[in-house]
Every structure is written in C-alpha cells, then in structure tokens.
Amino acid sequence: MKILDFDQENEYITKVNNLNKNKELNYHILTMGCMLNENDSEKLSGMIEKMGYKKVDEPKEANLIVFNTCCVRENAEEKLFGKLGELKNYKNETGAIIAIGGCMMQEKHILEKLHKSYPYADIIFGTHTINKFPEDLYNAILNRKKITDIEYIDGDIYEKMPIKREDKYRASVTIMYGCNNFCTYCIVPYVRGRERSRRAEDIIKEVQELANQGYKEITLLGQNVNSYNDGNGNKFSDLLKEIDKIEGIERIRFISPHPKDFTDDVIDAIKQSNKICKILHLPIQSGSTEVLKKMNRKYTKEQYLNLVKKIKEQIPDVLFSTDIIVGFPGETEKNFQDTLDVVKEVKFEQIFMFIYSRRTRNSSRYNGKSNTRRCKTRKIQQIKRTC
Ligand code: SF4
C-alpha cells in the first residue's frame, strides 16, 4: 500500500474541463449505504465540480449521473437496477453519461449483469479506483468507449482529494479503509480490502483545516476505527487526543468501533475529553456467545458485558447504541434470549436492527438452518418491546 498525493490526477481534471469548455453541465449523484460511502460521494462531488459540473437533484436534468453503490443490503441491487432501467430512454435521448461505482461493483456477478443487461452504463469503477474517476470520465467523453475500471487489490491511499462537503458545521473524516475481521455475515473485507490507516499527521491536518473553515463537529470514519494504526506508532487513542486539542472543534464522534479493540487507552482518551461524544456506538450483533462465535466476532457475551461495565465505571454518564442482527443461520430461541438479556441489561439508547440476509459472497462461509422471515420479524418486535 502506498500513500500518494491526488495531485497527479489533476491533469485529467484539466483535460475534462477543456473538453467541457463553454458548456453548462449538470451532475446528479445517488449515494447508497453507509457514512463511508457518503464520504466517498463527497470526494466524487469534489472532483466532478472541479471538472465544471453543477449539482442537480433530479437525474433527468443531469449530463452526468453517478451511482455510488453499497452491497451490504440485498435490496440495494434491486434499487440500482430499477434506477438504471428508468434512465435507459433518457440516456438514449440525451447521451448523458452514466457512471456506477462503490462496493457493489467489486462483485463479479453484478458486473456480469451490468454488462449483459445494462450495456448503456458508460463507466463502472470500484472502491479502489475512485481517484481515477477524472481519467475514466475523460476517456468516456473523448472516446465514447465503455470503461470498466476495477481493481481487486488493496488500494493505495490518496491524500488531498478534492471534496465537496454537504454540511457547513459537521464533517466526516475517513481515518482508515478496509477491514481485517472477516465477520462471517459481512462482505466488506472482500469489497474494500484489508485495513489501511491514513497517516495521523494527514488526518490532523484535515481536521485542522475543517476547524479553520468553521466546522464544529467531526465524525471519524472507518470499518473498525479503534484498530487504527498508522504504522508510525499512532494508535486510535493518540488520534483522539490530538484531535481533541484542535481549537474550534467542539464535538468528536467515531463510527464504528469493534468491541474486541476497545482498549483501556481508548476508554481513557474518551474519559479525559470534553469533546468526545459520550454516546458510544458499540455493535454487539448478537448476545449469544454461540452465535458470536459463528459470526467470528471474537468476543463473548460476558466479555461484551464486562466491557460495557468497565466503560460505565470510567465514564458514568456514558450511553450506548448498538447493531443487532436477528435470524443468523442456526440462531435458536435460547440464543435469541441471550440477546434480549443483553438488551435489558445495557439499556441501549438506540438499536439498529438488521434481519440477516444471505449474501452471495458470505453464503459459503457459514451455512446453518435459516430462521423463517416470520420468525425474524417476530424477533425484531421482541427487541423493540424489550428496549
Ligand atoms: S468488523 Fe465490521 S466491516 Fe469488518 S468484517 Fe466485521 S462487520 Fe464487516
């Protein structure tokens, strides 16, 4: 993995600008998925606006339509294909450029379907080639050729990418990419690669610049933020402490930490700070040690509860939110009761509930008897009644 300056891509930003000279062009971007994807879309918007396009809310008013996709939810595929179908006539009539990126594009069966059934998509790019979007757009405009630009290696980190922030006071800052954990229900390590952390100095500089621009709240983003390690001796707690010192920043959040990496130094950094938000998101996924093992989460019910207890002792006003997956294959009523026990004990402020869905990539990793749809819905209702 290399850390590179985005500057080398500026050549293509200038080239696209020259191609588009004296034209009034619009773009529309649709973002699916998590805050990391939203942050990627802000970077895409930053590049696209530098190439002379103005943002519009309606795809059918745009000369460039970008889909930044997510592959975590099953219905995300239906949503993408539905939108593409709606745009077919518009594309034929206007010649608008359609670009599709994001983690869904890292899945080979999706690429095959796009090439076969939606050949009018002009640019298909992946999670590791966002930085090359100006070059891909330039080639699509100039040569009117279909471009597929996907890499299946862990990508490099690009610093100084243009970014168009959606909010004036709150900003998200990606501190790391990818994940090493391979939870058995999750596709992220396959589509976003292994963990790569940005240099602490680059992150601190970005936050300092945001503070100078008047931003008050920063959310640090990563698939597993608390395993941040930039290879120069800076851990997540060091980063929190440094960002805490930046004048002008009033609130710091981070998402998502992994319970197994919630070390004492991180707890201490939160305790010492007046800026770090005391509502911590601590995804449990299941309260059953048996299910957690099948999920490859690397902690038990007891370890999770002990962690919550330890954090509460150190930070008495702390509150928790969490993620829970119901209906993991083989989850029994007894397993589910363990989850309800944890919900009762921790008294989460907020629970994000997900119904397990078998994704193409992870289905071979764990095959247990599936819960029925009715059973999963009933479990969701039970959790709601318990909180
Ligand atoms: S830690 Fe999060 S991103 Fe990584 S594999 Fe597990 S669920 Fe997916």
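Just so you know, these numbers come straight off a predicted model, no measurement behind them.

## Some details on the site of the ligand
Argument step 1. Every residue close to the ligand is listed here: Cys179, Asn181, Phe182, Cys183, Cys186, Val188, Pro189, Gln223, Asn224 and His258.
Argument step 2. Grouping the constituent residues of the shell around the ligand by class yields six nonpolar, four polar and no charged.

## Looking at the nonpolar core
Soluble globular proteins tend to pack their nonpolar side chains together in the buried interior.
Argument step 1. Formed by 60 residues in total, the largest nonpolar core has its most connected members in Leu64, Val66, Ile98, Ala99 and Ile100.
Argument step 2. Shared between two domains, this core holds at least three residues of each, these being domain 1 (3-149) and domain 2 (160-386).
Argument step 3. Apart from residues lying up to four places away in sequence, Ile100 is in contact with Phe67, Thr69, Met105, Leu114, Ala121 and Ile124.
Argument step 4. Among the nonpolar cores identified, the runner-up in size contains 27 residues, and Leu210, Ile218, Phe236 and Phe262 belong to it.

## As for the pairing of strand β9 (residues 170-174)
Argument step 1. Of all five residues in β9, four are buried; the element is thus mostly enclosed.
Argument step 2. Bridge count for β9 against strand β12 (residues 217-221) is five bridges, and the pairing is parallel. Opposite Arg170, over in β12, you have Glu217 as the bridge partner.

## Topic: helix α7 (residues 200-212)
What sets the pattern is the α-helix's 3.6 residues per turn: residues three or four places apart point alike.
Argument step 1. Between the first and last C-alpha of α7 there are 18 Å, a value that for 13 residues agrees with the 18 Å anticipated at 1.5 Å per step.
Argument step 2. Within α7 the residues assigned to the buried category are Ala200, Ile203, Val207 and Leu210. In a view along the axis of α7, the buried residues occupy a sector of 90°, so they form one face of it. Those residues of α7 that are exposed and angled more than 90 degrees off the buried face are Glu201, Glu209 and Asn212.
Argument step 3. At its buried positions, α7 is contacted by β9, β12 and α8 (236-244).
Argument step 4. Just beyond α7, the residue with positive phi is Gly214, at close to 100°.

## Observations concerning unusual backbone geometry
Argument step 1. Cis geometry is found at the peptide bond from Ile255 to Ser256, where omega equals -5°.
Argument step 2. Among the structural elements, Ser256 can be located in the loop between β13 (251-255) and α9 (264-272).
Argument step 3. Phi at Asn296 takes a positive value of approximately 60°, unusual for a residue other than glycine.
Argument step 4. Structurally, Asn296 is set in the loop between α10 (289-295) and α11 (301-314).

Criteria and cut-off values
- Residues numbered from 1 in each chain as written.
- Predicted model: local features only at pLDDT ≥ 70, side-chain atom pairs only at ≥ 80, totals over all residues.
- Near = placed C-beta within 6 Å.
- Nonpolar A, V, L, I, M, F, W, Y, C, P; charged D, E, K, R; others polar.
- Core = buried A, V, L, I, M, F, W, Y, C linked by C-beta atoms within 7 Å.
- Buried ≥ 20, exposed ≤ 12 C-beta atoms within 10 Å, placed from the backbone.
- Domains from an automatic or database assignment.
- Contact = placed C-beta atoms within 7 Å.
- Helix = DSSP H or I, 4+ residues; strand = E, 2+ residues; numbered from the N terminus.
- Pairing = 2+ DSSP bridges.
- Expected span 1.5 Å × (residues − 1).
- Arc of directions from axis to C-beta.

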